[in-house]
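Descriptive structure summary
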Amino acid sequence: QVRLVGSGGGFVQAGGSLRLSCAASGSSSTINVMGWYRQAPGKQRELVAFITFAGRTNYAESVKGRFTISRDGANNAVNLQMNRLKPEDTALYSCMGGPDYYIPNYWGQGTQVTVSS
């Protein structure tokens, strides 16, 4: 049984920074990719960023240059550093894990990120 526990998020003014973390426990050997999706009210869920076991990263165009995803191998976790946040980044962020980013077999609890203008 795999469990993902997300943390971080919160409320920040535009231009500020927040950090999300997601730790995996249990039989996580089936996870090759971890990352975050987000969903804002009235919008479809979108992939924000992911990182593979080998360290390959991918970002949504809207966050490139502002967000950085990284692995914390010692703690079997990933982190998402979000800088220069914009009001349009406001959403519920959910961490995921699976064999690939389009196969999110596991989900952590959602974390709200709110950016005020």
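This one's a predicted model, so the numbers in the text were calculated from it and none came from an experiment.

1. Quick look at the sheet that holds strand S8 (residues 77-82)
Strand order in the open sheet formed by four strands is S1-S3-S8-S7, and the pairing between neighbours is antiparallel. Only two strands of the sheet have a single partner each, and these edge strands are strand S1 (2-8) and strand S7 (67-72). Going from strand to strand, the sheet's axes swing by 15° on average, the running direction of each strand aside. Note that S1 and strand S3 (residues 18-26) share seven bridges and pair antiparallel.

2. Points about unusual backbone geometry
One can expect most non-glycine residues to show negative phi and most peptide bonds to be in trans. Of note, Arg84 is a non-glycine position whose phi angle comes to about 50°, a positive value. Its place among the elements puts Arg84 in the loop between S8 and strand S9 (91-98).

3. Some details on the state of the cysteines
The full count for this structure, using the stated rule, is one disulfide. The residue that forms a disulfide with Cys22 is Cys95, at a sulfur-sulfur distance of 2.2 Å. Of note, the bridge from Cys22 to Cys95 carries an S-S torsion of about 55° and is right-handed in sense. Residue Cys22 is located in strand S3, and its partner Cys95 is located in strand S9; the two are separated by 73 residues in the primary sequence.

4. Let's talk about the environment of Ala23
Relative to the helices and strands, Ala23 is located in strand S3. C-alpha separation for the pair Ala23 and Asn105, spaced 82 residues apart in sequence, amounts to 15 Å. Excluding anything up to four places from it in sequence, Ala23 contacts Arg3, Leu4, Val5, Asn76 and Ala77.

What counts as what
Residues numbered from 1 in each chain as written. Predicted model: local features only at pLDDT ≥ 70, side-chain atom pairs only at ≥ 80, totals over all residues. Heavy atoms only, no water. Pairing = 2+ DSSP bridges. Helix = DSSP H or I, 4+ residues; strand = E, 2+ residues; numbered from the N terminus. Axes fitted to C-alpha atoms, helices over the stretch in contact; angles between N-to-C directions. Disulfide = S-S within 2.5 Å. Contact = heavy atoms within 4.5 Å.

Limitation: the analysis is restricted to geometry and does not speak to function.
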